[in-house]
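Close look at the chain arrangement
So the chains spell out like this:
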Amino acid sequence: MIRPSAAARPLLIGGMHRSGTSLTASLVASAGIDLGPELLGANASNPAGHFEDLGIQDFHTRCLLAHGVSGEGYTASAVGRVPAALEPLADDLLAERLERGAPWGWKEPRTTLFLDFWQERLPEARHLIVFRQPWEVADSLFRRGDEAFIRDPAFAFDVWTHYNRLFLDFVRRHRSLCAVFEISQVVHNPRGVFRAVQSRLGVPLGLPAQRYRPDLLRRDSGAARAAIVRAVAPEAWHTYLELRALAGLDTRLPDGPSPDGTPGPEAVLAWAQAARAAVTTRRLVAEKRAKRWRKAVAAVHGLPATLWTALRAVLGGPPAPAPADAAPDLLPFPGSVPAPAARRAA
């Protein structure tokens, strides 16, 4: 067991996939916390970077695969204990991070599945837990197009519920070690959240940078989709209410199902299909725009700057480096926080 000093106690950032943990981790990094020697880089669904410790991710993936669970951690069932053969690897990972000497921690969503394991090894760890409305998470997963949710869209609610029930259980057993916030609180009042984390958890956390754009945050007022969750996944709905209570939220929730009918499983399937179709449409538009630009560049290479500016206005500006993809939401503002030693995601 490794017992860090109070000054070196780690801050573990937890949350279900697509819940805003990358955004939160980018803020934590800007506030002076070392999130690991090598971080997962950007990809189409997270173009500003994941701020995810690759060593910890690899360890969790090995544990999951050893138990026959997908490496992504998409499961609605308990995962067995960490295999004894992998325990020395965990100790090596912790020793390496402690030796770096800076206030430290990590963000890795699969940590949720191994909370008790890490608690045994890091009893001084503190936990910043972030949750997001289940309908927003499901929509993000549908848009990203993971095979598990294409086959069974309702599985997204099961996974969301499993992750967040694990958090609720852990928080109730270790209340003094945890701070729980909805991602909306992190977005709208990051400095207030960080002051609360510093005060409650005793983590040497500075104030986060304030460099965000509202258009990078995809939010859903949620009346129709919240109604689907309430009808099709009531456990997810009640779990969400419990999390809101822990976070001290009293904002109004979307209304329930409309009087003309309660949504059923077919509504989830239609939702998932519409989300994927919208992504496909955006991708096709982006590809068409990129093709138009390639033709323009080839035709007017060497054009004077003034005419080039006019052409940009006509064509709508140069295309983005990557097409609009499944879930570019809840991301840090590009360039707001560097991701040191980041490796580009596959």
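Residues numbered from 1 in each chain as written. Predicted model: local features only at pLDDT ≥ 70, side-chain atom pairs only at ≥ 80, totals over all residues. Heavy atoms only, no water.

**Let's talk about the sheet that holds strand 5 (residues 178-182)**
- Strand order in the open sheet formed by four strands is 3-1-4-5, with parallel pairing between adjacent strands. Looking at strand neighbours, the two that pair on one side only are strand 3 (105-107) and strand 5, the edges of this open sheet. Looking at each pair of strands side by side, their axes are set apart by 15 degrees on average, direction ignored.
- As defined by bridge partners, strand 1 (residues 11-14) adjoins strand 4 (residues 126-131) across four bridges and the pair is classed as parallel. For L12, the partnering residue across the bridge sits in strand 4 and is H127.
- Where helix 9 (residues 190-201) meets the sheet, it contacts strand 1, strand 4 and strand 5, and its direction lies at approximately 160 degrees from that of strand 5. (Pairing = 2+ DSSP bridges. Helix = DSSP H or I, 4+ residues; strand = E, 2+ residues; numbered from the N terminus. Axes fitted to C-alpha atoms, helices over the stretch in contact; angles between N-to-C directions. Contact = heavy atoms within 4.5 Å.)

**What to know about the side chain of R121**
- Inspection of the secondary structure puts R121 in helix 4 (residues 115-121).
- The exposure class assigned to R121 is buried, which follows from its relative accessible area of 12%.
- Side-chain polar atoms of R121 contact the side chain of D91, separated by 2.8 Å. (Buried < 20%, exposed > 50% of the residue type's maximum accessible area, 1.4 Å probe, protein only. Polar contact = N/O pair within 3.5 Å; in protein donor to acceptor, adjacent residues only side chain to side chain.)

**With respect to the packing of helix 5 (residues 134-144) against helix 10 (residues 223-232)**
- The contact between helix 5 and helix 10 brings their axes to 9 Å, and the two run at 100 degrees. Taken together, the axes of helix 5 and helix 10 lie roughly perpendicular to each other. When helix 5 is examined against helix 10, the residues P134, W135 and D139 are found in contact with a partner set consisting of R225, A226 and V229.
- Class assignment for the residues of the contact of helix 5 with helix 10 results in four nonpolar, no polar and two charged. (Parallel < 35°, antiparallel > 145°, perpendicular 65-115°, else oblique. Nonpolar A, V, L, I, M, F, W, Y, C, P; charged D, E, K, R; others polar.)

**Comments concerning the nonpolar core**
- Core analysis: the largest hydrophobic core is formed by 60 residues, its most contacted members being F59, W106, F114, W118, F142 and F149.
- In terms of residues, this core owes the most to one element, helix 7 (residues 155-173), which gives ten residues.
- With residues up to four places along the chain from it excluded, the contact list for W106 reads L11, L12, I13, L35, D53, I56, L94, T111, W118 and L122.
- L23, I183, V193 and V203 belong to the second largest nonpolar core, which has 24 residues in total. (Core = buried A, V, L, I, M, F, W, Y, C linked by side-chain atoms within 4.5 Å.)

**Brief notes about the pattern of salt bridges**
- Taken as a whole, this structure holds 20 salt bridges when the rule is applied.
- Where E52 meets K107, a salt bridge forms, and the shortest distance between an N and an O atom there is 2.8 Å. Of this pair, E52 sits in the loop between strand 2 (39-40) and helix 2 (54-66) while K107 sits in strand 3, and the two are 55 residues apart along the sequence.
- Here E242 and R172 are joined by a salt bridge, their closest N and O atoms 2.4 Å apart. Of the two residues, E242 sits in helix 11 (residues 234-247) while R172 sits in helix 7, which places them 70 residues apart along the sequence.
- When salt bridges with common partners are traced through the structure, they connect E52, K107, E108 and R110 into a single cluster. (Salt bridge = Lys/Arg side-chain N within 4 Å of Asp/Glu carboxyl O.)

**Describing the packing of aromatic side chains**
- This model, assessed by the stated rule, comprises 13 aromatic pairs.
- With a centroid separation of 5.3 Å and 85 degrees between ring planes, the pair formed by F142 and W271 is classed as edge-to-face. Highlighted residues: F142 in helix 5 and W271 in helix 12 (residues 265-299), separated in sequence by 129 residues. The pair formed by F142 and W271 is uniform in burial state, with each residue classed as buried.
- One aromatic cluster is present, formed by F59, W104, W106, F117 and W118 through successive ring pairs. (Phe/Tyr/Trp six-rings, centres within 6.5 Å; stacked < 30°, edge-to-face > 60°.)

**Some points on the pairing of strand 4**
- With respect to burial, strand 4 is a largely interior element, six of its six residues being buried.
- By the alternation rule, side chains of strand 4 split into R126, L128 and V130 and H127, I129 and F131, which are all buried.
- Judged from the five bridges that link them, strand 4 and strand 5 form a sheet pairing that is parallel. The partner of I129 across the bridge, within strand 5, is V180.

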